[in-house]
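One-letter residues, chain by chain:
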Amino acid sequence: MAAKLILRGEHWQAMRRHVSRRAPLEACGLLAGKNKRVESTLGIYNAERSPVRFRMEPGAQWRAFQRIEAAGLELVGIYHSHPNGPDHPSPTDVTEALYPVAQIIWFRADGEWRARGFQIEGGKVTEITLEFIKPE
Ligand SMILES: [Zn+2]
């Protein structure tokens, strides 16, 4: 499936701002785009308000899906943070992965926020490449 996800620097910044602002709680959001290429990020409220779990607030998630569809885009990724690690999907993330899209995990290493991309399908986790392009 998706061996990579293509993003612009502004998407990276937007996600990093979001997860950083919500820490020490987990933050989560959706990535809209086409053909493995991100066009916009949509931060969603974490209804769990937890440092170790996330559940997208259903109303906000529904509205985000409406916006993605109205823009003629598709869901190409989901991001969430692990303020206290690990740097990869947790067993819960693997069990609860509903969509076969890129999963971006934000974590901290040496005080810096970093991200890795994964594909989770049928309980199997594969790392994918996060590729950056310059704005046009
Ligand atoms: Zn997680």
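Residues numbered from 1 in each chain as written. Predicted model: local features only at pLDDT ≥ 70, side-chain atom pairs only at ≥ 80, totals over all residues. Heavy atoms only, no water.

Colleague: Explain the coordination of the zinc ion residue by residue, including any values.
Modeller: Within the protein, His 80 (NE2), His 82 (NE2), Asp 93 (OD) and Asp 93 (OD) serve as the donor atoms for the zinc ion, at 2.0 to 2.6 Å. Of note is the zinc ion, whose 4 donor atoms meet at the metal with angles of 55 to 154° in an arrangement that counts as irregular. Positions of the donor residues of the zinc ion, expressed as sequence spacing, correspond to H-x1-H-x10-D. Note on accessibility: His 80 and His 82 belong to one class, buried. (Donors = N, O, S within 2.8 Å, 3.2 Å for Na, K, Ca; no water. Tetrahedral: all angles 85-135°; square planar, octahedral: opposite > 155°, others 65-115°. Buried < 20%, exposed > 50% of the residue type's maximum accessible area, 1.4 Å probe, protein only.)

Colleague: Outline the packing of aromatic side chains, supporting the account with residue identities and numerical values.
Modeller: Considering all chains together, one arrives at 3 aromatic pairs under this definition. Measuring from ring centre to ring centre gives 5.0 Å for Trp 12 and Phe 132, while their planes differ by 80°; the resulting arrangement is edge-to-face. Residue Trp 12 is located in helix α1 (residues 9-22), and its partner Phe 132 is located in strand β7 (residues 124-133); the two are separated by 120 residues in the primary sequence. Overall, Trp 12 belongs to the buried group, its relative accessible area being 17%. For Phe 132, a relative accessible area of 39% corresponds to the partly exposed category. Arranged with centres 5.9 Å apart and planes meeting at 50°, the rings of Phe 65 and Tyr 99 form a pair that is tilted. Highlighted residues: Phe 65 in helix α2 (residues 58-70) and Tyr 99 in the loop between α3 (91-96) and β5 (102-109), separated in sequence by 34 residues. (Phe/Tyr/Trp six-rings, centres within 6.5 Å; stacked < 30°, edge-to-face > 60°. Helix = DSSP H or I, 4+ residues; strand = E, 2+ residues; numbered from the N terminus.)

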